[in-house]
Amino acid sequence: MVNEQNKTVLVTGGAGYIGSELVRILLQDNFRVVALDNLSFGGESLLSFWGNPAFTFIKGDIRNDDDLRAALKDVDYVCHLAAIVGEPPCKKYPELALEVNWNASVRLYELCEEAGVERFVFASTCSNYGKMAVANSLLDETAELNPISLYSETKVNFEKYLLSHTNSTITRTILRFSTVYGISPRPRFDLTVNEFTRDAALGKPLLIYGEHFWRPYCHVSDLARSVKIALTADKGKVNGEAFNVGDTAQNYTKKMLAAEIGREIPSLEVNYHPAVTDPRDYKVNCDKIRDVLGFKISKTVPNGIREIASLFREKVISEPMNARYGNV
Ligand SMILES: NC(=O)c1ccc[n+]([C@@H]2O[C@H](COP(=O)([O-])OP(=O)(O)OC[C@H]3O[C@@H](n4cnc5c(N)ncnc54)[C@H](O)[C@@H]3O)[C@@H](O)[C@H]2O)c1
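Given the structure is predicted, the values throughout are model-derived calculations rather than measurements.

A. Examining the domain arrangement of the chain more closely. The assigned domain composition of the chain is domain 1 (4–180 + 219–245) and domain 2 (182–216 + 249–283 + 299–320). Computed over C-alpha atoms, the centres of domain 1 and domain 2 are 25 Å apart. The interface of domain 1 with domain 2 comprises 28 residues on the first partner and 17 residues on the second. No other element matches helix α1 (residues 17–28), which puts five residues into the side of domain 1 that touches domain 2. A class-by-class count of the residues in the side of domain 1 that touches domain 2 yields 12 nonpolar, 12 polar and four charged.

As structure tokens, this is what we get:
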């Protein structure tokens, strides 16, 4: 059993959408937390941790050895979330994506070995499945990975790198996150559920491409909690393992999402476009993380839609279309 009070966790990308929620959960559970982030999207997400003696922030870049060494000092566990996230930014900045998602990730792992880190959890993605070979099948962790973008290529390559380190003393765990929704200290409104609900709440009609394409969805607080569960699980259950993170019942097509949003915002107008802009189409089975680690979601897609809709109804976000809520 892990005694949290003795453990220090490095969260790379700790100022990000999922990272800042993870920092919050780890601090709440009495870990000491070091966050390393280059603040590509600002640092306001960290304000509520500021001054907490268990929290240290290092503004730095995972491509820089000195920053990595400083961040790894006296660290027991590493959660690696820093990345160029999603296909659009990876397509726009391919060299940067390779440097951050591949080269810097490999270097981070090498330095973790030097520093004697005990556990390493990698934030991967269900995007790695790409497109289901058989329509409507459920893909579990044994399904073939089929990366169809630079983003998922970098993620798949780093997964393989981690899994190839069978003699490493570090407990290595891969978490393949579902597409995220919900509010965290760094809100993002460029992810499907959040973006559709924001636009609907602002009275904009939705224009939906690929309405029949499936994706699994998971709330940001549940995803962040899954990282903590993986960090504290018996090593034998998580070492060298990949887990899909989410819930098998939370696979939706975009058309189904629009129907859910329409239940919350009846004035919603939806238009469908026949063009396919994103060929990814995958339904995911998330039973392994439930059965092996006891992980259960606490929120569903309809809960998330209500959460986002109320945020806009109450006008809590003053500039909802501001680019800082997106990643490109
Ligand atoms: N959001 C999703 O739907 C989703 C789904 C599956 C997997 N993931 C994975 O989860 C992780 C976190 O995603 P997110 O949605 O929180 O994204 P995010 O963009 O909000 O967070 C990433 C953070 O990494 C930081 N960062 C980027 N490059 C850096 C560098 N070179 N050095 C230091 N910091 C750097 C950014 O400043 C940002 O704060 C990523 O690894 C992503 O691939 C996200």
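From this point, things continue past the structure.
B. Up close: the site of the ligand. Taken together, 28 residues surround the ligand, and among them G13, G16, Y17, S40 and F177 come closest. Those elements giving two or more residues to the shell around the ligand turn out to be α1, β5 (119–125) and β8 (179–181). Among the elements that take part in the shell around the ligand, α1 stands out by supplying three residues, more than any other. For the shell around the ligand, the class distribution of residues is 15 nonpolar, eight polar and five charged. Residues lining the shell around the ligand come from more than one domain, with at least three contributed by each of domain 1 (4–180 + 219–245) and domain 2 (182–216 + 249–283 + 299–320).

C. Local environment of the packing of helix α4 (residues 94–115) against helix α5 (residues 150–164). The geometry of α4 relative to α5 is characterised by a closest axis approach of 10 Å and an angle of 10° between their N-to-C directions. By the criterion of interaxial angle, the relationship of α4 to α5 is roughly parallel. Regarding α4 and α5, the two cross each other, and that crossing is right-handed. Contacts between α4 and α5 involve P94, A97, L98, N101, W102, S105 and V106 from the first element and L150, Y151, T154, K155, N157, F158 and Y161 from the second.

D. Examining the sheet that holds β8 more closely. Strands sit in the order β8-β10-β12 across an open sheet of three strands; the sheet is mixed. The open sheet has two edge strands with one neighbour each: β8 and β12 (251–253). Across the sheet, the axes of successive neighbouring strands diverge by a mean angle of 50°, strand direction being ignored. Where strand β10 (residues 214–219) meets β12, three bridges bridge the pair, whose relative direction is antiparallel. In the strand pairing of β12, W214 is matched with T253. Helix α7 (residues 220–232) rests against β8 and β10 of the sheet, and its axis sits at about 75° to β10.

About the thresholds
- Residues numbered from 1 in each chain as written.
- Predicted model: local features only at pLDDT ≥ 70, side-chain atom pairs only at ≥ 80, totals over all residues.
- Domains from an automatic or database assignment.
- Contact = placed C-beta atoms within 7 Å.
- Helix = DSSP H or I, 4+ residues; strand = E, 2+ residues; numbered from the N terminus.
- Nonpolar A, V, L, I, M, F, W, Y, C, P; charged D, E, K, R; others polar.
- Near = placed C-beta within 6 Å.
- Axes fitted to C-alpha atoms, helices over the stretch in contact; angles between N-to-C directions.
- Parallel < 35°, antiparallel > 145°, perpendicular 65-115°, else oblique.
- Left-handed = near helix turned anticlockwise from the far one by under 90°.
- Pairing = 2+ DSSP bridges.

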